Amino acid sequence: MAEHGAALLTDKEKASVLRPIEQARTLPARAYFAEDFYQAERQNIFIDQWVGLCTDAIVANVGDCEPVWIAEIPLLVVRKPSGEVGVFHNIGPYDGCPVLLETQKGADTINAAYHGWQYDLDGKLVGAPYWNGLVDDDRSSIAAKGVPLDLIEVSSAVFACLVFVNISGTAKLSFAEFIAPMRASLEKYNVDRFNVGFNPETGNLSNYPNTLRCNWKTFLENDDPTIYHEGFVHAGYRDSSSVPRCDEQGRKTYTPVVEERQFGFTFHPDTTAGTYPDFPDEMFLRGADGKPVTDLRGFIALYPNVCYAMSGPQFRVALILPMGAGETNVTEFFCYDVDVARDPAH
């Protein structure tokens, strides 16, 4: 945060933020509402760096297409014929109009809402009805006029059911470097078995979008995986003898996670007896050996916008998607082992 917002802070404010933690102060109030601060973050963080966008479960099958937004930028998530997830700018390169206005399922082509141009699932233009007065015009006649043809693809990658993007393509880190801390935190799990759960009554994903009237940092700092808010916010923690997270001698019963791009804590479930509900082992997330991972819990945030938790049978994620200085979309969903996620009995 200091790197991206430094030009907008006074020397005194920068020094205050960068003091040792016991003396440091938060960012000044204007960092949470000022348009110039937000625009700097929008460009330098959410456009120029890797960020979480959505779950790949919204495009579960080939031909599924879903319009999404982040930092006021319209994007289109597509399940390609190869089975891979692709992300495109949801803007027609010819007319600047939105391409897809609503969800498509199992489609063969992406049909633009305005001029009716058609793109295949790899973003290539395959049809432009009545471009030259003909029902079926081809690429060559359009290309000859110097008109842009194909959808513009965005750098993207998938890890643990999450789709990440680097919109500008100029991130200093490769995706492998960016995701390394999260991969290390989840190394006990077979993330390929993670599957977003669904409500058996409605058939909907366990996917809860919310629009909040706050700055994106406000949500991050309140969902921030620290131990300090637990008893204040959650009744279950207030009733637990295991909170605050220390033993009778005042020693921590958790392991802090404090890294360059990741912060939070992990703990062994034996240290929180009576705090969380009990689940049968067959519901737990699995490790590489196929056995339930029963000895790890944790609450971690991957900067800038991914908050995640490992809690036995669940891998919970909240994605923080700014839409203005004072507006934030938050999408929360829960992953389970693949055998559990689609079982109505669970």
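Residues numbered from 1 in each chain as written. Predicted model: local features only at pLDDT ≥ 70, side-chain atom pairs only at ≥ 80, totals over all residues. Heavy atoms only, no water.

S.K.: Please set out the pattern of salt bridges residue by residue, giving values where relevant.
M.R.: A full pass over the atoms with the stated rule returns 16 salt bridges. When the shortest N-O distance is used, the salt bridge between Arg79 and Asp56 registers 4.0 Å. With Arg79 in strand β3 (residues 73–79) and Asp56 in the loop between β1 (51–55) and β2 (65–70), the pair connects residues that are 23 residues apart, well separated along the chain. Per residue, the accessibility class of Arg79 equals that of Asp56, and both read buried. Shared partners join several salt bridges into a network, and the residues in it are Arg193, Asp337 and Asp339. (Salt bridge = Lys/Arg side-chain N within 4 Å of Asp/Glu carboxyl O. Helix = DSSP H or I, 4+ residues; strand = E, 2+ residues; numbered from the N terminus. Buried < 20%, exposed > 50% of the residue type's maximum accessible area, 1.4 Å probe, protein only.)

S.K.: Could you give me a rundown of unusual backbone geometry, with the residues and numbers involved?
M.R.: Leaving glycine out, the prevailing phi sign among residues is negative, and the prevailing peptide bond configuration is trans. That bond from Tyr303 to Pro304 is cis: its omega, 10 degrees, falls within 30 degrees of zero. Residue placement: Pro304 occurs in the loop between β14 (297–302) and β15 (306–311). Even without glycine at this site, Ala71 takes up a positive phi of about 55 degrees. Here Ala71 shows up in the loop between β2 and β3. On the basis of relative accessible area, Ala71 is assigned to the buried category, the value being 0%. Positive phi, close to 75 degrees, is recorded for Cys161, a residue that is not glycine. Its location among the elements puts Cys161 in the loop between β8 (153–159) and β9 (162–166).

S.K.: Which residues make up the sheet that holds β9, and what values go with them?
M.R.: The six strands are arranged β1-β9-β8-β4-β3-β2 in an open sheet whose pairing can be described as antiparallel. In this open sheet, the two edge strands, each paired with only one partner strand, are β1 and β2. Strand-to-strand twist across the sheet, computed as the mean angle between neighbouring axes with direction ignored, equals 35 degrees. Pairing of β1 with β9, which is carried by four bridges, proceeds in the antiparallel orientation. Of the residues in β9, the one forming a bridge with Cys54 is Val163. (Pairing = 2+ DSSP bridges. Axes fitted to C-alpha atoms, helices over the stretch in contact; angles between N-to-C directions.)

S.K.: I'd love a proper account of the pairing of strand β4 (residues 85–89), names of residues and values included.
M.R.: Summarising burial for β4: four of the five residues are buried, a large majority. By the bridge criterion, five bridges tie β3 to β4 in an arrangement that is antiparallel. Bridge pairing in β4 places Leu75 opposite His89. Remark: five residues form the turn of the hairpin made by β3 and β4, two consecutive strands paired antiparallel; Gly83 in that turn has positive phi of roughly 95 degrees.

S.K.: So what's going on with the sheet that holds strand β5 (residues 110–111)? Which residues, and what values?
M.R.: Either a parallel or an antiparallel arrangement is found when strands of a sheet pair, and the pairing is made through backbone hydrogen bonds. Read across the sheet, three strands follow the order β5-β6-β7 without closing on themselves; strand pairing throughout is antiparallel. Strand pairing shows two members of the sheet lacking a second neighbour, β5 and β7 (125–127), which therefore form its edges. Judged from the two bridges that link them, β5 and strand β6 (residues 118–119) form a sheet pairing that is antiparallel. Considered in β6, the bridge of Asn111 is made with Gln118.

S.K.: How would you explain the packing of aromatic side chains if you had to name every residue and give the values?
M.R.: According to the stated counting rule, one finds 14 aromatic pairs in the structure shown. Their ring planes at 5 degrees and their centres at 4.8 Å tell us that Tyr94 and Trp117 sit as a pair that is stacked. Here Tyr94 is found in the loop between β4 and β5, whereas its partner Trp117 is found in the loop between β5 and β6, with 23 residues between them in sequence. Taking the relative accessible area as the measure of exposure, Tyr94 reaches 33% and is therefore partly exposed. A ring pair is formed by Phe175 and Phe178, whose centres lie 6.3 Å apart and whose planes are at 35 degrees; its orientation type is tilted. Of this pair, Phe175 and Phe178 both sit in helix α5 (residues 175–185), three residues apart, roughly one helical turn. Of the two residues examined, Phe175 and Phe178, each falls in the buried class. Taken together, the aromatic side chains of Tyr254, Phe265, Phe267, Tyr276 and Phe299 make up a single cluster linked through ring pairs. Sitting above the plane of the Tyr32 ring, Lys217 keeps its charged end 4.9 Å from the centroid. (Phe/Tyr/Trp six-rings, centres within 6.5 Å; stacked < 30°, edge-to-face > 60°. Lys NZ or Arg CZ within 6 Å of the ring centre and 35° of its normal.)

Nothing here speaks to function; it is geometry throughout.
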